[in-house]
Amino acid sequence: MDIREKIESSPMQPIQFGVVAVCVLLNMLDGFDVLALAFSASHISDEWALTGAQLGLLLSAALFGMAIGSMVVSQVADIIGRRRTIIICAFVVSAGMALSAIATGFTFLFVARLVTGLAIGTLQACLNVMVAEYASAKHRSTAISFYTAGQPIGGTIGGIIAGVLLSQYDWRAVFVFGSAATLAVAVLALAVLPESLDYLVSRRPKNALDRTNAILIKLHQPVLDVMPEKSNVPNTARTRWRGILTGPSLATTALLGFAFFVLMAGFYFANSWTPKLLVDSGFTASDGVQAGVLFSAGGIVGALIFGPVAMRLGVRRALTILFALAGIAFVVYALSVDALASAFVAAAVLGLLTSAVMAGMFTIGPMYYEPEVRATAVGLIIGIGRIGAIISPIVAGRLLDADWAPGALYYLFAAPLIAGALAVFAMRTRRPVLAESVVRSSRKATATEEILR
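Here goes a summary of the coordinates provided. (Residues numbered from 1 in each chain as written. Predicted model: local features only at pLDDT ≥ 70, side-chain atom pairs only at ≥ 80, totals over all residues. Heavy atoms only, no water.)

### Observations regarding the overall build of the protein
In step 1: The number of helices and strands found in the protein is 19 helices and zero strands.
In step 2: In terms of C-alpha radius of gyration, the protein reaches 22 Å, essentially the compact-globule figure of 22 Å for 453 residues.
In step 3: Principal-axis analysis of the C-alpha atoms gives the protein an extent of 70 × 55 × 35 Å.
In step 4: Per-residue burial over the protein gives 55% buried out of 453 residues.
In step 5: Carbon and sulfur atoms make up 68% of the accessible area of the protein, which totals about 18100 Å². (Helix = DSSP H or I, 4+ residues; strand = E, 2+ residues; numbered from the N terminus. Rg over C-alpha atoms; globule rule 2.2 N^0.38 Å. Buried < 20%, exposed > 50% of the residue type's maximum accessible area, 1.4 Å probe, protein only. Areas by Shrake-Rupley, 256 points an atom, 1.4 Å probe, with all protein chains shown as cover.)

Below you can see the structure in the form of structure tokens.
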């Protein structure tokens with residue numbers, strides 16, 4: 001039995017829980033950072049007399065940076081290691097928020113937000129991989145569910161903190177707080193996070209044997225006399241991209257990239273536009289805020305429930321079903337928007353299902369790629385998803401300008417999400433690299449499970 005198989009089958013140890021906890025904290029702070037400008041937008045706009053176009057660019061800067069960071073920069077983790085990449089990016093995020101706090105004008109703030117976005121996009125891909133690699137097979141989906149929930153929790157708590165800060169100070173205080181909090185967690189990560197064992201074994205950096213054995217001791221596993229056989233794949237950009245874009249891996253990347261694209265398109269449309277579209281449907285601004293809060297609250301619950309569902313059904317099976325249900329939820333919301341009570345319930349359900357699918361995608365992404373290319377591959381498929389996140393709110397705005405009814409926009413996302421379910425279903429022919437553990441009762445599998453098997 002090799003190192004990976006031993007970790008997959010053994011009980012979780014404190015070092016593994018520590019890795020998950022630090023990654024959740026960093027994802028919470030990323031959730032705060034992504035929304036920091038949204039919290040402060042009106043104050044910044046008033047102080048600098050920004051046009052709507054300028055404010056839109058500022059709001060989009062971090063999203064563009066995140067897409068580039070995920071797709072391009074994240075591959076550095078396959079070169080220098082997951083741990084080092086995570087720590088560097090955390091310090092860059094802290095610095096970017098500090099620079100945002102001292103920005104003196106539009107251009108300065110735009111560059112600061114773009115750089116921060118680059119670091120966040122890279123960081124999120126690496127955090128996702130780190131949690132997947134350190135969790136045991138039995139608890140991987142649950143660990144990634146907690147990791148995924150970190151972002152909406154961070155956004156929710158951050159919104160409360162930002163409201164208090166903005167009532168007492170100017171908008172710069174929001175970024176000062178974010179910078180200080182991220183710096184504190186970056187220092188914690190420096191002290192707590194180990195390097196990825198998969199990286200140490202596959203890439204064999206300096207002192208790999210000693211570093212591997214130090215981690216194995218903390219995992220209560222036997223130490224090694226010699227390192228396992230090293231991969232003979234050259235560590236170059238060409239071989240990494242060839243490893244995820246050729247042969248059987250091409251279909252895997254295409255299916256997962258498409259699924260991430262349609263999911264993030266739907267999720268960020270609903271997250272960005274639901275409050276305003278409810279107001280456009282004839283309700284008050286406070287009703288719109290309430291719908292947004294319910295969407296976020298449902299999202300936290302949805303991220304947390306994916307793990308138990310996946311333990312019962314399996315990751316791919318659970319994700320296929322939830323993808324389809326999320327598509328149906330968009331239709332239900334469109335049909336519910338005329339009545340406030342039903343719109344509130346539908347918003348919470350929509351947030352729950354889309355976030356559950358998000359947790360599922362973060363779980364399944366790292367499972368199908370070898371350690372040598374895992375960070376590059378996960379960064380790519382998440383980056384493809386972020387393109388959808390950037391495009392869908394813009395398209396929605398154009399369609400509203402073309403006099404589309406607010407509720408009708410939600411119908412647009414039902415079919416793509418059903419297609420996402422089919423893409424995940426098509427993964428049944430592919431064998432994962434990282435194993436999963438499925439808990440089954442003694443009764444026979446249901447007809448649905450048999451169909452999806």
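### Structural notes on the nonpolar core
In step 1: Ranked by internal contacts, the top residues of the largest apolar core, which has 114 residues, are Leu197, Phe269, Phe323 and Met361.
In step 2: Those residues in contact with Leu197, other than ones at most four positions away along the chain, are Ile3, Ile7, Tyr134, Thr212, Ile215, Leu216 and Leu219.
In step 3: In terms of nonpolar packing, the next biggest core, distinct from the first, is built from 20 residues, Ala36, Leu55, Ala162 and Ala173 among them. (Core = buried A, V, L, I, M, F, W, Y, C linked by side-chain atoms within 4.5 Å. Contact = heavy atoms within 4.5 Å.)

### As for the packing of helix H6 (residues 106-134) against helix H16 (residues 374-401)
In step 1: At their nearest, the axes of H6 and H16 sit 9 Å apart, and the two run at 130° to each other. With respect to their mutual orientation, H6 and H16 come out oblique. Crossing of H6 against H16: the hand is right-handed. Counted together, Gln124, Ala125, Asn128, Val129 and Glu133 of H6 and Arg374, Ala375, Val378, Gly379, Ile382 and Arg386 of H16 form the full contact between these two elements.
In step 2: Its residues placed into classes, the contact of H6 with H16 shows five nonpolar, three polar and three charged. (Axes fitted to C-alpha atoms, helices over the stretch in contact; angles between N-to-C directions. Parallel < 35°, antiparallel > 145°, perpendicular 65-115°, else oblique. Left-handed = near helix turned anticlockwise from the far one by under 90°. Nonpolar A, V, L, I, M, F, W, Y, C, P; charged D, E, K, R; others polar.)

### Looking at the state of the cysteines
In step 1: What the rule picks out here adds up to zero disulfides.
In step 2: The thiol of Cys23 is not disulfide-bonded; the next cysteine sulfur, from Cys126, is found 9.8 Å away.
In step 3: Not engaged in a disulfide, the cysteine Cys89 finds its nearest cysteine sulfur in Cys126; these two sulfurs lie 6.0 Å apart.
In step 4: Overall, the relative accessible area of 8% leaves Cys89 in the buried class. (Disulfide = S-S within 2.5 Å.)

### Overview of helix H18 (residues 414-425)
In step 1: In a regular helix each residue adds 1.5 Å, so 12 residues correspond to 16 Å; H18 covers 17 Å between its end C-alpha atoms and thus fits that length.
In step 2: Residues Ala414, Leu417, Gly420, Ala421, Ala423 and Val424 constitute the buried set of H18.
In step 3: Considering only its buried residues, H18 is in contact with helix H12 (248-280), helix H14 (315-336), helix H15 (340-364) and helix H17 (408-411). (Expected span 1.5 Å × (residues − 1).)

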